[in-house]
Amino acid sequence: MWQDILGSGELLLEKSPSTSTAAVEAGPQLAVEVLVLVFVVVSIFLLRRFLELLPYLWDSFFRARGSFYLENSVRVSHDRNIIAISFVVPAVLIMHRYCLYNPDFLQQIPSRWHLPVLAGVLAVYLLLRRLMYAWMKPRRKSDFYVLSHKAGYTYFILLVVLLLVTLGIVVLTPYNKLEARPLIYGEIALVYGFYLVRRSQILSLSCNPFRTFLYLCGLEFLPTAILVLSAALF
């Protein structure tokens, strides 16, 4: 009897999702695929420059004098800046894929807008750093100040390379994206810590310890604290 009752039901909903729903779900994925394709194409053109830059990156990571050698070469520093700009794309994609910046207000926004919002957040963070850099720049003897600022481009490239290699390995493991987040945060904190040490060493060549600390507070701690608090409070 129960089989007759249950078997006589009629499915009123469509078996396949509507066109509008499918378009919404496909939108974010299509944007990700386009950005990945763009980054791959750009990486192919910049591969030779990156391989030539790699020894300078390692030298800058292990000793402060490496930053001097990198910046003394106009061609190498120019290539470094271009590569750093291109690496913004994978940085945003990693933020999106692993929900590294996940405030409550982001959940109120349609998923198709998450990627542009994350790109905007990163742009605002970089703009804030740039404004603080311009505001606090000394009028005289600013060579070491500028050098410490440009070291951020170097460490950003090193961070993205480390994350790409790590996540490439994680994909081959059974860990899901939420389980990989502590590892990503740990690597970001590690590279950022090395960068703070290196920047303080460069600044200390022209500043006393107290002034170096004030520079770090305005140029690094304040923008980073605003970014972290925005994710925690909003």
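Everything numeric here is computed off the predicted structure, so don't read it as measured data. (Residues numbered from 1 in each chain as written. Predicted model: local features only at pLDDT ≥ 70, side-chain atom pairs only at ≥ 80, totals over all residues. Heavy atoms only, no water.)

## Description of helix α10 (residues 209–233)
The largest bend in α10 amounts to roughly 40 degrees and is located at Cys-217. Among the residues of α10, those classed as buried are Thr-212, Tyr-215, Leu-216, Gly-218, Leu-219, Glu-220, Pro-223, Thr-224 and Ser-230. (Bend = angle between axes of the 7 residues up to and from the residue. Helix = DSSP H or I, 4+ residues; strand = E, 2+ residues; numbered from the N terminus. Buried < 20%, exposed > 50% of the residue type's maximum accessible area, 1.4 Å probe, protein only.)

## Overview of the pattern of salt bridges
Under the criterion given, the structure shown has eight salt bridges. Residue Arg-48 pairs with Glu-52 through a salt bridge whose shortest N-O separation is 3.1 Å. Note that Arg-48 and Glu-52 are positioned in helix α2 (residues 19–62) at a spacing of four residues, about one turn of the helix. Taking the relative accessible area as the measure of exposure, Glu-52 reaches 34% and is therefore partly exposed. The residue Glu-52 makes a salt bridge to Arg-75 at a minimum N-O spacing of 3.1 Å. On the criterion of sequence distance, the pair formed by Glu-52 in helix α2 and Arg-75 in helix α4 (residues 74–86) is long-range, its members being 23 residues apart. The structure contains a network of salt bridges with shared partners spanning Arg-48, Arg-49, Glu-52, Arg-75 and Asp-79. (Salt bridge = Lys/Arg side-chain N within 4 Å of Asp/Glu carboxyl O.)

## Some words on the side chain of His-114
Assignment of secondary structure puts His-114 in helix α7 (residues 114–136). Taking the relative accessible area as the measure of exposure, His-114 reaches 16% and is therefore buried. At a separation of 3.0 Å, a polar atom in the side chain of His-114 contacts the main-chain carbonyl oxygen of Ile-109. Those residues in contact with His-114 that sit more than four places away from it in its chain are His-96, Leu-106 and Ile-109. (Polar contact = N/O pair within 3.5 Å; in protein donor to acceptor, adjacent residues only side chain to side chain. Contact = heavy atoms within 4.5 Å.)

## Looking at the nonpolar core
Core analysis: the biggest nonpolar cluster contains 42 residues, and Leu-53, Ile-83, Phe-87, Tyr-98 and Ile-157 have the highest contact counts within it. If you list the elements that add at least two residues to this core, you get α2, α4, α5 (88–97), α7, α8 (143–170) and α9 (177–203). Sort the elements by how many residues they give to this core and α8 lands first, with 10 residues. Those residues within four positions of Leu-53 in sequence are excluded, and the remaining contacts are Leu-70, Val-76, Arg-80, Ile-83 and Ile-157. In this structure, Met-132, Cys-207, Tyr-215 and Leu-216 belong to the second largest nonpolar core, which totals 10 residues. (Core = buried A, V, L, I, M, F, W, Y, C linked by side-chain atoms within 4.5 Å.)

## Regarding the packing of α5 against α8
At a closest axis distance of 10 Å, the pairing of α5 and α8 adopts a crossing angle of 50 degrees. If you check the angle between α5 and α8, you find them oblique. Along this stretch, α5 crosses α8, giving a crossing that reads as left-handed. Residues Val-88, Pro-90, Ala-91 and Ile-94 of α5 form the contact with α8, whose participating residues are Phe-156, Val-160, Leu-163, Leu-164 and Leu-167. In terms of residue class, the contact of α5 with α8 is made up of nine nonpolar, no polar and no charged. (Axes fitted to C-alpha atoms, helices over the stretch in contact; angles between N-to-C directions. Parallel < 35°, antiparallel > 145°, perpendicular 65-115°, else oblique. Left-handed = near helix turned anticlockwise from the far one by under 90°. Nonpolar A, V, L, I, M, F, W, Y, C, P; charged D, E, K, R; others polar.)

## Considerations on the packing of aromatic side chains
For the coordinates displayed, the defined rule picks out 13 aromatic pairs. Centre to centre, the rings of Phe-39 and Phe-87 are 5.9 Å apart; their planes meet at 65 degrees, and the pair counts as edge-to-face. Of the two residues, Phe-39 sits in helix α2 while Phe-87 sits in the loop between α4 and α5, which places them 48 residues apart along the sequence. For the pair Phe-39 and Phe-87, a shared accessibility class is recorded, and that class is buried. Note on Phe-61 and Phe-194: the rings are 5.0 Å apart at their centroids and 45 degrees apart in plane angle, and the pair reads as tilted. Here Phe-194 lies in helix α9 and Phe-61 lies in helix α2, a separation of 133 residues in the sequence. (Phe/Tyr/Trp six-rings, centres within 6.5 Å; stacked < 30°, edge-to-face > 60°.)

## Here we look at the environment of Leu-158
Structurally, Leu-158 can be placed in helix α8. Apart from residues no more than four positions distant in its own chain, Leu-158 is found in contact with Leu-57 and Phe-61.

As far as function goes, none of this settles anything; it's purely spatial.
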